[in-house]
Amino acid sequence: MSASEAVRKHKEFLFPAATMSYQDPIALTRGEGNYVWDDQGNRYLDAFGGVLTVSVGHANPKVVAAVVEQVKKISHTSTLYANAEQSNLAEKLASIAPGNLKKSFFTSSGTEANETAMNAARHATGRLDIITLRHSYSGRSLQTLAGCGQIGWKKLPTLVPGIHHAHAPYCYRCPFHAPDSKSCGLECANDIEELIQTTTGGEIAAFMAETVIGSGGFIVPPAGYFERASAIARKYGGLYIADEVQTAWGRTGGHWWGIEHWDAKPDIMVSAKGMGNGAPVAMTIATPEVADKFPGITFATFGGNPVSMAACRSTMEVIEEGNLLENCKVVGAYLGERFKALKEKHALIGDARGLGMMQALELVKDRKTKEPDPVAVGKVFEEAKRRGVLLGKGGVYGNVIRTGLMLNAGKPQVDELVEAIDAGLTVAAAGAGPASVGTKSA
Ligand SMILES: Cc1ncc(COP(=O)(O)O)c(C=O)c1O
């Protein structure tokens, strides 16, 4: 039983659906850089960053200073008035976004940002149908929930009409049973065409996809996937919406945006999470052709909030000044290699995959049958926590360990993380230790 009063009250006074990780949940009180402390005084390596949201370290001094300075000046304006932090951030985003993405709308969560994107596509094209992906997560409003492709999140069925789920580009569990991603002919992308031809009137508003399917277990689509998928969408009059809620801000290494690993240009792009290093902020950026067709009046009370905007601006400055896109590429590649080596050692690991500082291990009971092993994930979780390392969980079957170290983490943090998972896998393989099953996160 947890000795934490915060945990006790969480259980008593919050919606039970807001589940906490671990058999013995923890309450965090403080963070500094890559580490957090609970209210019992224990220190942990935060290898999940509050679900890939703390990008440049907890309580990053530069971000803290920018936020404090802004709060002292003015902390709310609404979009009825311009504020320089918002205008400047929009200008900055237009200068680094791929293709012709130029106009932004800011909100407070990835859900709102995806909702805005889906509505924008419907308005701009005058069409209704949207293709999303199985295994995806897009938010918790009725429309974004309809877009989700995971049993765990869909406690309400697809209630918004016009949403169709294509097969996921999930190479490890290829829906077309292709032997490998090099000779598969991209059947998962081709399937979008048949989906459109068989479930729509032949014209769609959009194809919307996470660049790396995050909550679904860091599923990295194969080379050529987004080029093919977006071309098919456009052939049927649809726009391409890139959901970069998890994959933006350098997280995938070497680029600001995950989609820059492919040669596909979105018409609308969405992000949130790591954007403000923990500030509640999100963006929907679109081409002028799309943005200009969004009907007014539209309004989001907290959208473009100057404090959140200052957090974003300073987070981006820390990324630029620290050359963190490169750090994420180099340290992320090192982590990827170490995970591949772990796979050689532990039969429980069916797949090790990821991009940059977004690396995952999919655990299976048997490498041949690929039967998911969520219990083993629970055991690794508990053992890693005992050793002072916090992890993330994911996948439709709850059998994926997800990690999201800070963009400014180094090799020592990678080694600390890998050692804890290694020990956890040894415990899990022996069938020992407690397991905490069922605490996935978005
Ligand atoms: C890819 C993706 N899209 C959208 C969302 C929804 O974001 P939020 O929880 O901020 O509403 C999430 C949340 O995890 C996500 O991972």
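Keep in mind that what you see is a predicted model, and the values were worked out from it rather than measured.

(A) Layout of the sheet that holds strand 10 (residues 282–286). Taken together, the seven strands give an open sheet; going across it, the order is 4-10-9-8-7-5-6, and neighbouring strands pair in mixed fashion. Each edge of the sheet is formed by a strand with only one pairing partner; in this case those strands are strand 4 (103–107) and strand 6 (163–166). When the angles between neighbouring strand axes are averaged without regard to direction, this sheet yields 20 degrees. Bridge count between strand 7 (residues 206–210) and strand 8 (residues 239–243): five bridges; the pairing is parallel. Paired with Met208 across the strands is Ile241, a residue of strand 8. The sheet contacts of helix 7 (residues 187–199) involve strand 5 (130–133), strand 6 and strand 7, and relative to strand 6 the element is tilted by about 150 degrees. Of the strands in this sheet, strand 5, strand 7 and strand 8 are in contact with helix 8 (residues 225–235), which crosses strand 7 at around 160 degrees.

(B) Just the domain arrangement of the protein chain, in detail. Domain assignment breaks the protein chain into domain 1 (5–59 + 323–429) and domain 2 (74–321). Each side of the interface is counted separately: domain 1 has 30 residues, and domain 2 has 29 residues. Sorting the residues of the side of domain 1 that touches domain 2 by element identifies helix 2 (49–52), helix 11 (324–345), strand 11 (349–355), strand 12 (358–363) and strand 15 (400–403) as the ones contributing at least two each. Ranked by residue count, the leading element in the side of domain 1 that touches domain 2 is helix 11, at six residues. Of the residues assigned to the side of domain 1 that touches domain 2, the class counts are 14 nonpolar, nine polar and seven charged.

(C) Representation of the pairing of strand 8 within the structure. The buried count for strand 8 comes to five of five residues, which makes it a mostly enclosed element. Each parallel crossover has a hand, and the one from strand 7 via helix 8 to strand 8 is right-handed. The sheet contact formed by strand 8 and strand 9 (residues 268–271) spans three bridges and is parallel. Bridged to Ala242 within strand 9 is Met269.

(D) Highlighting the pairing of strand 11. Counting buried residues along strand 11, seven of its seven residues qualify, which places the element largely inside the surrounding structure. Sheet topology places strand 11 next to strand 12; six bridges connect them, and they run antiparallel. Paired with Asp351 across the two strands is Glu362, which belongs to strand 12.

What counts and what doesn't
Residues numbered from 1 in each chain as written. Predicted model: local features only at pLDDT ≥ 70, side-chain atom pairs only at ≥ 80, totals over all residues. Pairing = 2+ DSSP bridges. Helix = DSSP H or I, 4+ residues; strand = E, 2+ residues; numbered from the N terminus. Axes fitted to C-alpha atoms, helices over the stretch in contact; angles between N-to-C directions. Contact = placed C-beta atoms within 7 Å. Domains from an automatic or database assignment. Nonpolar A, V, L, I, M, F, W, Y, C, P; charged D, E, K, R; others polar. Buried ≥ 20, exposed ≤ 12 C-beta atoms within 10 Å, placed from the backbone. Right-handed = clockwise from strand over helix to strand, strands pointing away.

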